[in-house]
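Summary of structural features
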Amino acid sequence: MKVKRKIIRIDDELCDGCGECVPSCAEGAIEVVDGKARVVAEKYCDGLGACLRECPKGALTVEEREAEEFDEKAVEQHLFSREKEEPAHGIPMAQGCPSARLQTFTPKPLGGEPVAQASALSHWPVQIRLVPPTAPFLKGANLLVAADCAPVAYPNFHRDFLKGKAVMVGCPKFDDVQGYVEKFADIFRSANIKSVTVLDMEVPCCSALPKIVKRGMEIAEKNVPLEEVVISARGEILKREEAA
């Protein structure tokens, strides 16, 4: 059934078929066909526009028009089918990117390591840019938003912070801040997040991360419990407080 909603539009005249937009579409809605980027099926495109900033030619925009409804189950089947079609030698298909494929799995200890060293990661991807707001592992989740330096600095990241949480990592200094705000707003609107822990570093640029999350929450008109934890470059907890 078609409804009026936001969806990606690709300008054929501007598109040169570089494929830069393909990895950023976690739903696999975009492929390069006959030298041009194409939305392969309207039902795969959530219309949120994570791909827009990846196009060097400005060929991608978001428009509002009559289109098939976004179908999360169809996306899961599409990604599963595409995974099966990839070559056995492990080289990904030209039109897709394995790094953006949604995966959910049961955390388990690393091989040969004691239980204290178990990996608590329960899903993939983890980059803020790549996680779609409709990802199944976000539904009803306790969310951990971490600066991408934090897991390197803090030695017990998995044990103390990641266990039992869905995680999203990124860097407000190098990534698109407004894109982050919009992503979190969409997540808070749709995912029924139970709580948020923001794990950032003591460096000034990291202080934007909790502000980004709070702004997304405000736009979505949600009030979710939020805790900020600040880590030093030497891996110590400098501050731990709940947001008002």
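First, a word on scope: everything that follows refers to the structure included in this document.

Here is what the cut-offs are and how they apply
Residues numbered from 1 in each chain as written. Predicted model: local features only at pLDDT ≥ 70, side-chain atom pairs only at ≥ 80, totals over all residues. Heavy atoms only, no water. Pairing = 2+ DSSP bridges. Helix = DSSP H or I, 4+ residues; strand = E, 2+ residues; numbered from the N terminus. Axes fitted to C-alpha atoms, helices over the stretch in contact; angles between N-to-C directions. Contact = heavy atoms within 4.5 Å. 1 Å grid on protein atoms, 1.4 Å probe; cavity = no way out; pocket = protein on both sides within 12 Å on 5 of 7 lines; lining within 4 Å. Points joined across faces, edges and corners; volume = space filled by probe spheres on them. Nonpolar A, V, L, I, M, F, W, Y, C, P; charged D, E, K, R; others polar. Salt bridge = Lys/Arg side-chain N within 4 Å of Asp/Glu carboxyl O. Buried < 20%, exposed > 50% of the residue type's maximum accessible area, 1.4 Å probe, protein only. Phe/Tyr/Trp six-rings, centres within 6.5 Å; stacked < 30°, edge-to-face > 60°. Core = buried A, V, L, I, M, F, W, Y, C linked by side-chain atoms within 4.5 Å.

Ordered by their spatial adjacency, five strands build an open sheet running S8-S7-S9-S10-S11, and the pairing between neighbours is mixed. Bordering the open sheet on either side are strand S8 (166-170) and strand S11 (237-242), each of which pairs with just one other strand. Strand-to-strand twist of the sheet, defined as the mean angle between neighbouring strand axes without regard to direction, takes the value 15 degrees. Its contacts with the sheet place helix H4 (residues 177-190) against strand S7 (142-147), S8 and strand S9 (195-201), and it is angled at close to 170 degrees to S8. Of the strands in this sheet, S7, S9 and strand S10 (226-231) are in contact with helix H5 (residues 208-219), which crosses S9 at around 155 degrees.

A word on empty space enclosed by the protein. Gaps left between atoms show up when a probe the size of a water molecule is rolled over them. Enumeration according to the criterion identifies three cavities of 30 Å³ or more in this entry. Here the largest cavity defines a volume of roughly 130 Å³. In terms of lining, the largest cavity is formed by 19 residues, of which the most central are Ser24, Cys25, Glu27, Asp46 and Ala50. Looking at the lining of the largest cavity residue by residue, the classes come out as 13 nonpolar, two polar and four charged. Estimates place the volume of the second largest cavity at around 70 Å³.

Let us look at the pattern of salt bridges. Enumeration over the complete set of coordinates arrives at twelve salt bridges. Put simply, aspartate 160 and arginine 159 hold a salt bridge, and the shortest N to O gap is 2.8 Å. The partner of arginine 189 in a salt bridge is aspartate 186, and the shortest N-O contact between them spans 2.8 Å. Of the two residues, arginine 189 and aspartate 186 both sit in helix H4, three residues apart, roughly one turn of that helix. The class of arginine 189 is partly exposed, set by a relative accessible area of 45%. You can call aspartate 186 buried: its relative accessible area is 17%.

So, about the environment of lysine 222. Considering the arrangement of structural elements, one finds lysine 222 in the loop between H5 and S10. Sequence spacing of lysine 222 and phenylalanine 188 is 34 residues, and the spatial spacing of their C-alpha atoms is 6.7 Å. Beyond its immediate stretch of four places on either side in the chain, lysine 222 contacts Phe188, Arg189 and Met217.

Before going further, it helps to examine the layout of surface pockets. Its boundaries defined by the atoms lining it, the largest pocket holds a volume of some 350 Å³. Considering the residues around the largest pocket, the lining is formed by 18 residues, among which Leu48, Gly49, Glu182, Lys183 and Asp186 are closest to the centre. Partitioning the lining of the largest pocket into residue classes produces seven nonpolar, four polar and seven charged.

What the rule picks out here adds up to one aromatic pair. Ring geometry for tyrosine 154 and phenylalanine 161: centres 5.2 Å apart, planes at 70 degrees, overall edge-to-face.

This part takes up the nonpolar core. If you look at the biggest cluster of nonpolar residues, it comprises 45 residues, and the most contacted ones within it are Leu138, Phe184 and Val196. Elements represented by at least two residues in this core include exactly S7, helix H2 (150-153), helix H3 (157-162), S8, H4, S9, H5 and S10. Setting aside its immediate chain neighbours within four residues, valine 196 contacts Leu143, Val145, Phe188, Val213, Val224, Pro225, Leu226 and Glu227.

On to unusual backbone geometry. Each neighbour pair has its own omega, and for tryptophan 124 with proline 125 the value is 5 degrees, a cis peptide bond. With respect to the element layout, proline 125 can be found in the loop between strand S6 (123-124) and S7. Positive phi is not limited to glycine here, since glutamate 221 has a value of about 55 degrees. With respect to the secondary-structure elements, glutamate 221 resides in the loop between H5 and S10. Using a relative accessible area of 72% as the deciding quantity, one classes glutamate 221 as exposed.

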